[in-house]
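As a plain string of letters, each chain reads:
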Amino acid sequence: MIKNKAYKFRLYPNQEQEIFLAKCFGCSRFVYNHFLRLTIDTYAESKQTLKYSNYAKLLTKLKREVDYSWLKEVNSQALQQSLKDLEKAFVSFFSKQNKFPRFKKKTNRQSFRVPQHFSITEDGKLQLPKMKPIKMVIHREIEGKLCNVTISKTPGGKYYASIVVEYESELSPLQGDRIGIDVNLDKIVVTSNGDEYDNPKYLKKSLKKLTRLYRCLSRKQKDSKKRNKARLRLAKIHGKVANQRLDLHHKLSTKLCKENQLIATEDLAIKNLIKNPKLSRHIADVAWGKFLTLLGDKSEKLGCEIKKVDRFFPSSKRCHVCGWIKTDMTLKERQWKCEECHTFHDSRDRNAALNILLFANNDIPQEVRKSTPKEIPETVCISRVTD
Ligand SMILES: [Zn+2]
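Sequence order as written defines residue numbering, which begins from 1 separately in each chain. It should be noted that, the model being predicted, local features are given only for residues of pLDDT at least 70 and side-chain atom pairs only at 80 or more, the latter also being counted only at that level, while totals for whole chains, interfaces and linings use all residues. To get the side-chain values, all heavy atoms of the structure are used, and hydrogens and water are removed first.

Undergrad: Residue-level account of the overall build of the protein chain, with values.
TA: Regarding its fold elements, the protein chain presents ten helices and 14 strands. Dimensions of the protein chain, computed from the C-alpha atoms along their principal axes, are close to 80 × 55 × 50 Å. Here the protein chain holds 387 residues, and 40% of them are scored as buried. Two residues form a contact once any of their heavy atoms are found within 4.5 Å. Considering only contacts within the protein chain whose residues lie at least 6 apart along the sequence, 67% involve residues at least 24 apart. Calculation of accessible area relied on Shrake-Rupley with a 1.4 Å probe; when residues are assessed, cover is drawn exclusively from the protein chains displayed. With the model as given, the accessible surface of the protein chain reaches about 23,300 Å², and the carbon-plus-sulfur share is 51%. Charge assignment: positive for Lys and Arg, negative for Asp and Glu; neither His nor the chain ends contribute. We put the charge of a Lys on NZ, of an Arg on CZ, of an Asp on CG and of a Glu on CD. The averaged location of the 43 negative side-chain charges in the protein chain is 11 Å from the averaged location of its 78 positive side-chain charges. A helix here means a DSSP run of H or I that spans at least four residues, while a strand means a run of E at least two residues long, and both kinds are numbered starting from the N terminus. Throughout, exposure labels follow a simple rule: accessible area from a 1.4 Å probe, protein chains only, divided by the maximum for the residue type, with under 20% read as buried, over 50% as exposed, and the rest as partly exposed.

Structure below.
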């Protein structure tokens, strides 16, 4: 089976190259914003929506105008990719997967994509159209055929190349355990085997520094050099926190997928959880969404199956031994005793992980499931297994 994967490498452009890259970012952003505005205006006037084919023709026209001839200085395919992204943004808006496309800002992450005519030189530099090779740190071997590359610059001023390759995947035969995992705030993951992985709470650790920097930023005059400097310092810390978290997520998801043949997990509605003002920052700090995405990616690569369990399934409140449900449980209760079979659950999360595994295995038939009279009927949820 042919699959895609991406390698992300740090780039170190020299001064001259930085100027040219700034031009590429700027032109891609300009084209995106220009056609976003045009799409909005066209729709307001004539109720017509524009597509990539319209954009492409209009772009060629635009480049012929004297005022916009500077667009010719950069790779033309990169500009076309920017318009493809715009079309994609509208498609996902109309299919209700995303919000309305927004204008790109100069202060956010900058990027442009080169779909063809790029290569890696013998001395490991990245060769892009219209410029000299850029120094790149290839920290791992690239396996597969090069497809496209996205060049990005973080708000903190670091440059990266994300190279997408095609490769032939060979899944290894299934081996290892079947486990259930529970994700929560204290421990990033608790497995049904009883393994616990701590959540290092990177954001919390940098919070003092961040609060100070935010205060510092708010005092600076708008559009001043000092404000920009303060903004950069802030972006650097946010970048560091994100990197630390990503590193942990990569290691943990690889470990879990390598050691197990099936991982059952809850299908979390993270967007809804983040709306809870008391928990939102902590939840954003663990970044479950990213973790679960990585787990999904790795599982495909390493041949491990992921089974998602309905998020309304009462995993924490159900006794995994007898099925009794404790309806009056608060978030604070970390340990509890089953009133029916008197099992003492010393870890609420492990009990949840065990239930998730049982449920994924279809080991919880509806008839056997017990409930207290006070409980709201949940039969609909119990009969649904998603995978
Ligand atoms: Zn019990």
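That was the structure; now back to the text.
Undergrad: An account of the sheet that holds strand S10 (residues 196–198) is requested, with residue identities and associated values reported.
TA: For two strands to count as paired, DSSP must find a minimum of two bridges between them. Taken in spatial order, the five strands make up an open sheet running S10-S9-S8-S11-S12, and their pairing is mixed. Each edge of the open sheet is held by one strand with a lone partner, namely S10 and strand S12 (305–309). Sheet twist, expressed as the mean angle between neighbouring strand axes with direction ignored, is 20°. In terms of strand pairing, strand S8 (residues 177–183) meets strand S11 (residues 260–266) through four bridges, oriented parallel. Paired with arginine 178 across the strands is leucine 262, a residue of S11. Fitted lines through C-alpha atoms serve as axes, helices being fitted only where they are in contact, and the angles separating the N-to-C directions of these axes extend from 0 to 180 degrees.

Undergrad: Lay out the packing of helix H2 (residues 52–64) against helix H3 (residues 76–94) with the relevant residues and their values.
TA: In the contact formed by H2 and H3, the axes pass within 10 Å of each other and the chain directions differ by 145°. For the crossing formed where H2 meets H3, the hand is right-handed. Taken together, the residues of H3 that come into contact with H2 (itself represented by Tyr52, Tyr55, Ala56, Leu59 and Lys63) are Ser76, Leu79, Gln80, Leu83, Lys84, Leu86, Glu87 and Phe90. Each residue is assigned to one class: nonpolar for Ala, Val, Leu, Ile, Met, Phe, Trp, Tyr, Cys and Pro, charged for Asp, Glu, Lys and Arg, and polar for all the others, Gly among them. Here the residues of the contact of H2 with H3 are counted per class, giving eight nonpolar, two polar and three charged. In this scheme, a crossing is called left-handed if the near helix is turned counterclockwise away from the far one by less than a right angle; it is called right-handed if the turn is clockwise.

Undergrad: So what about helix H5 (residues 225–259)? Which residues, and what values?
TA: An ideal rise of 1.5 Å per residue puts 51 Å on 35 residues; H5 measures up with 51 Å between its terminal C-alpha atoms. Taken together, the buried positions of H5 are Ala230, Leu234, Ala235, Ile237, Val241, Arg245, His249, Leu252, Ser253, Leu256 and Cys257. What a helix is expected to span follows from its residue count: subtract one and scale by 1.5 Å.

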